[in-house]
Amino acid sequence: MAGGSSLGRGFGWLWAAYTVSTVGTWLAFDAFPLIAVMVLGAGPTEVSVLAAAGLAVGAVVAVPLGPWVEFRRKRPVMIGTDLIRCAALLTVPVAYALDLLTLAQLLIVSVVVSAAGITFTAASGACLKALVRREDLLAANGRFEATMWTATMLGPPLGGAAVGLLGPVTTVLADAASFLLSALGLRAMGGKEPRPVESAPPARVRPRDLAESWRYILTHSTLRPLFLNTVLNNGLIMAVSPLLLVLMVGHLGFAPWQYGLAFAVPCLGGLIGSRLARRLVARYGPHRVLITAGTMRACWPVGLAFTGPGTAGLVLVMCVEFGLILSSAVFNPVLSTTRLDHTDTDRVARTLSAWSVTGELTVAALTALWGLLAGLVGIRVAIALAGVLLLATPLLLPRRAAARTPAESAAEAP
């Protein structure tokens, strides 16, 4: 695959900023739950509340920011949210050094980082659509996907080693630094970003402005099925993640490094899938790739219910995760490109914000629900039920390839 320079200097800096912040985020994977346990002596209930509440409250806080971002230049918003995340994260090592760190502070920082992250994602999608030609969107999204899976594969093991050698807040410091470097990279993009198409931003965000984002998605023939499919699919996959941790480490006796290895090695499938996506689309078309990869990624997770002890169990998890990640890495860049292609230019930030907010709230709700379900019926049954429900999610994918509407085509006209 060609280098970032083939898509222009601006994209090169955007990609560099994304790379450094993604690496920082995955280095600090599960940093807050780890700090809560190692430093504050938190139990499983407190750790679950920290994870779910931070995600859910952060998503709710981000709801009015989507319409607000739409009418403003996107790059300053992205730089601002990077700096906000950097500043919020830096309060954690400072409080730790002063012996003032509390669970409440971790929750507040988690909310701020979550809300800023959703806002950044909304602004960056609009920025990418304006920065890259339509025919280059799939290549750009493929590079983001490959970067994400590389960071996913390398970040948690390196972060775990750093915590072991240098202390529990080390990765939080690294994550804060990554957002600062990301802001500097976005600043280096240069050029003058044009004002949004609206002549002036609204004086305030009205309730109907918030509802309009979801109304636009749910009445769009292409976006609606993709939205329902991805929100439910991602929510069910993430809901069983804590249960699988308890099953493998708590019940089956796997060491933490074995658990990490079980998910790091399959990330090679992410690198393969992200490279295959563009070639598959060129040969079969985006709709066929979406249907095939979207169906394949739903078929794997039910196998996790059969995880057993020892080498055989570890290999089973690796095989299931490899298939899931490979399918997802083909699906995701095609989804991102299709979503941008079928979203009006003056609605991109609002649409992506509503999409992210719904996804985060769904993950938080299903994670809490599956935790309760596992307490009632057992971990394996809960994992199996999520897997069976996932088998139905391909029915939500669009049945036919949709042509771009006249409004969408006109929005892209020079």
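Residues numbered from 1 in each chain as written. Predicted model: local features only at pLDDT ≥ 70, side-chain atom pairs only at ≥ 80, totals over all residues. Heavy atoms only, no water.

Novice: Go over the overall build of the protein with me, naming the residues and quoting the values.
Specialist: For the protein, the count of helices and strands is 18 helices and 0 strands. Each principal axis of the C-alpha distribution contributes one length, and for the protein these read about 60 × 50 × 45 Å. Residue pairs in contact within the protein that sit at least 24 positions apart in sequence constitute 86% of those at least 6 positions apart. Total accessible area computed for the protein in this model is approximately 18,800 Å², and 69% of it derives from carbon and sulfur atoms. (Helix = DSSP H or I, 4+ residues; strand = E, 2+ residues; numbered from the N terminus. Contact = heavy atoms within 4.5 Å. Areas by Shrake-Rupley, 256 points an atom, 1.4 Å probe, with all protein chains shown as cover.)

Novice: Describe the packing of aromatic side chains, naming the residues involved and giving the relevant values.
Specialist: Applying the stated criterion to the full structure yields 5 aromatic pairs. Pairing Trp26 with Phe29 gives two aromatic rings, centres 5.1 Å apart and planes at 25 degrees, and the pair type is stacked. We classify Phe29 as partly exposed; its relative accessible area is 44%. Both rings, one in Phe227 and one in Trp355, keep their centres 5.2 Å apart while their planes meet at 80 degrees; by these two values the pair is edge-to-face. (Phe/Tyr/Trp six-rings, centres within 6.5 Å; stacked < 30°, edge-to-face > 60°. Buried < 20%, exposed > 50% of the residue type's maximum accessible area, 1.4 Å probe, protein only.)

Novice: So what's going on with a nonpolar patch on the surface? Residues and values would help.
Specialist: On the surface, a cluster of nonpolar side chains totalling about 600 Å² of accessible area is made up of Trp257, Leu261, Val265, Leu268, Ile272, Leu276 and Phe322. Mapped by element, the contributors of at least two residues to the nonpolar patch are helix H12 (256–264) and helix H13 (268–284). Top contributing element to the nonpolar patch by residue count: H13, with 3 residues. With respect to the helices and strands, Trp257 occurs in helix H12. The exposure class assigned to Trp257 is exposed, which follows from its relative accessible area of 59%. (Patch = residues over 30% accessible without salt bridge, like charges linked within 9 Å, V, L, I, M, F, W, Y side chains within 5 Å. Salt bridge = Lys/Arg side-chain N within 4 Å of Asp/Glu carboxyl O.)

Novice: Mind laying out helix H10 (residues 223–239), listing which residues take part and the relevant values?
Specialist: For H10, built from 17 residues, the straight-helix expectation of 24 Å at 1.5 Å per residue is met to within 8% by its first-to-last C-alpha distance of 24 Å. Judged by how many residues are buried, H10 sits mostly within the fold: 12 of 17 residues are covered. Among the residues of H10, Leu223, Pro225, Leu226, Phe227, Asn229, Thr230, Val231, Asn233, Gly235, Leu236, Ile237 and Ala239 are the ones counted as buried. (Expected span 1.5 Å × (residues − 1).)

Novice: Can you break down the packing of H13 against helix H14 (residues 286–299) residue by residue, with the values?
Specialist: H14 packs onto H13 with a crossing angle of 120 degrees between their chain directions and a minimal axis gap of 7 Å. With respect to each other, H13 and H14 are oriented oblique. For the pair H13 and H14, the contacting residues are Leu280, Val281 and Tyr284 in the first and Pro286, Arg288 and Val289 in the second. By residue class, the composition of the contact of H13 with H14 is 5 nonpolar, no polar and 1 charged. (Axes fitted to C-alpha atoms, helices over the stretch in contact; angles between N-to-C directions. Parallel < 35°, antiparallel > 145°, perpendicular 65-115°, else oblique. Nonpolar A, V, L, I, M, F, W, Y, C, P; charged D, E, K, R; others polar.)

Novice: Lay out the side chain of Ser213 in plain terms, naming residues and giving numbers.
Specialist: For Ser213, the location among the structural elements is in helix H9 (residues 207–218). In this structure, Ser213 is in contact with Arg350 and Ala354, ignoring residues within four places of it in sequence.

Novice: Explain the confidence of the model for the protein to me, using residue names and the numbers behind them.
Specialist: In the predicted model, the protein carries a mean pLDDT of 86, and 90% of its residues have values of at least 70. Low confidence marks residues 406–414, where pLDDT is under 50. Its contacts with residues over four positions away, or in another chain, come to 9 contacts. (pLDDT = per-residue confidence, 0-100.)

Novice: Outline the environment of Pro286, supporting the account with residue identities and numerical values.
Specialist: With respect to the helices and strands, Pro286 occurs in helix H14. For Pro286, a relative accessible area of 41% puts it in the partly exposed group. C-alpha of Pro286 to C-alpha of Gly270: the two residues are 16 residues apart in sequence and 18 Å apart in space. Those residues in contact with Pro286 that lie beyond four places of it in its chain are Val281 and Val334.

Novice: Please provide a residue-by-residue account of helix H8 (residues 170–187), values included.
Specialist: Taking 1.5 Å of rise per residue, the 18 residues of H8 would be expected to cover 26 Å, and the 26 Å separating its terminal C-alpha atoms lies within 8% of that figure. Looking only at H8, the buried set comprises Thr170, Thr171, Val172, Asp175, Ala176, Ser178, Phe179, Ser182, Ala183, Gly185 and Leu186.

Novice: Summarise the environment of Leu232; cite the residues concerned and give the values.
Specialist: As for its placement among the helices and strands, Leu232 is situated in helix H10. The exposure class assigned to Leu232 is partly exposed, which follows from its relative accessible area of 33%. Each C-alpha atom of the pair Leu232 and Val112 lies 25 Å from the other, and the pair is 120 residues apart in sequence. In contact with Leu232, other than residues within four places in its own chain, are Thr393 and Leu396.

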